[in-house]
Structures are given as C-alpha cells and as structure tokens.
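# A structural walkthrough
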Amino acid sequence: METVVECLLLSIVFVLIVRKIKTFLTFKKQERLDREIENDLVEEFSGSSHSDEFLNWAEELQLEHDITKRSK
C-alpha cells in the first residue's frame with residue numbers, strides 16, 4: 001500500500017514538473033517570436049514615408065488574425 005501511495009505522489013510531482021517546463025518553453029518561444037516580429041517591423045518600416053504602408057499592413061494582419069480566431 002505504501003508503494004502505491006509513493007508511486008502516486010511521484011507521478012503527481014512528475015506531471016507538475018512537466019507542466020511547468022512546458023509553460024516555461026511556451027513563454028520563451030512566444031518571447032522569441034515577439035522579439036523577431038519587432039525586429040522585422042523596425043527593419044521593414046523604419047522610415048516615416050512608410051507610415052501608410054505600415055498601417056495598411058497592420059490592418060491586414062489584424063484582419064487575418066480575427067479570421068483565424070473565428071475559424072478555430
């Protein structure tokens with residue numbers, strides 16, 4: 001009986017650790033993607049003459065995001 005309880009506790013601890021690692025890796029991936037997007041935006045739309053182009057691009061991106069969100 002004692003072995004069963006120990007196995008159960010060990011399993012619970014293992015699941016909690018795996019969830020924590022998964023959350024951490026997801027956060028790091030999102031952080032890296034945000035940084036990459038920010039760098040791409042700065043590179044692509046660095047001049048003030050591109051402001052209208054940037055706004056059109058951002059609106060299209062938001063529209064695509066909304067459509068994707070609705071389809072899920």
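Just above sits the structure.
Residues numbered from 1 in each chain as written. Predicted model: local features only at pLDDT ≥ 70, side-chain atom pairs only at ≥ 80, totals over all residues. Heavy atoms only, no water.

### Considerations on the overall build of the chain
The condition that has to hold: In DSSP terms, a helix is any run of H or I states spanning at least four residues, a strand is any run of E spanning at least two, and both are numbered starting from the N terminus. For the exposure calls, accessible area comes from a 1.4 Å probe over protein chains only, and a residue counts as buried if that area is under 20% of its type's maximum, exposed if over 50%, partly exposed in between. Surface accessibility in these figures is a Shrake-Rupley result with a 1.4 Å probe; residues are shielded only by whichever protein chains are displayed. In this count, Lys and Arg are taken as positive residues and Asp and Glu as negative ones, while His and the chain termini are left out. Charge coordinates come from a single atom per side chain, which is NZ of Lys, CZ of Arg, CG of Asp or CD of Glu.
From N to C terminus, the chain includes two helices and zero strands. Expressed as lengths along the three principal axes of its C-alpha atoms, the size of the chain is roughly 75 × 30 × 10 Å. Within the chain, the fraction of its 72 residues that count as buried is 1%. When the accessible surface of the chain is totalled, it reaches about 7100 Å², and 61% of it is carbon and sulfur. Averaging the coordinates of the 10 positive side-chain charges in the chain and doing the same for the 15 negative ones gives two points 11 Å apart.

### Description of a negative patch on the surface
The criterion, for reference: Patch rule: a residue counts if its relative accessible area is over 30% and it has no salt bridge; like charges are joined within 9 Å, and nonpolar side chains (Val, Leu, Ile, Met, Phe, Trp, Tyr) within 5 Å. By definition, a salt bridge exists where a carboxyl oxygen of Asp or Glu is found within 4 Å of a side-chain nitrogen of Lys or Arg.
On the surface, Glu-36, Asp-40, Glu-43, Glu-44 and Glu-53 cluster together to form a negatively charged patch. Residue contributions to the negative patch peak at four residues, all from helix H1 (residues 2-44).

### A few points about the environment of Glu-53
With respect to the secondary-structure elements, Glu-53 resides in helix H2 (residues 51-71). In this structure, the C-alpha to C-alpha distance between Glu-53 and Ile-67, residues 14 residues apart in sequence, is 21 Å.

### With respect to the pattern of salt bridges
Using the criterion set out here, one finds two salt bridges in the structure. Linking Glu-31 and Lys-28 is a salt bridge whose minimum nitrogen-to-oxygen distance equals 3.5 Å. Here Lys-28 and Glu-31 lie together in helix H1, a separation of three residues that amounts to about one turn. The residue Glu-31 makes a salt bridge to Arg-35 at a minimum N-O spacing of 3.9 Å. In this pair, Glu-31 and Arg-35 both sit in helix H1, four residues apart, roughly one turn of the helix. In this structure Arg-35 comes out as partly exposed when scored by relative accessible area, which is 46%. Each of the salt bridges in this network shares a partner with another, and the network as a whole consists of Lys-28, Glu-31 and Arg-35.

So yeah, pure geometry; function would need other evidence.
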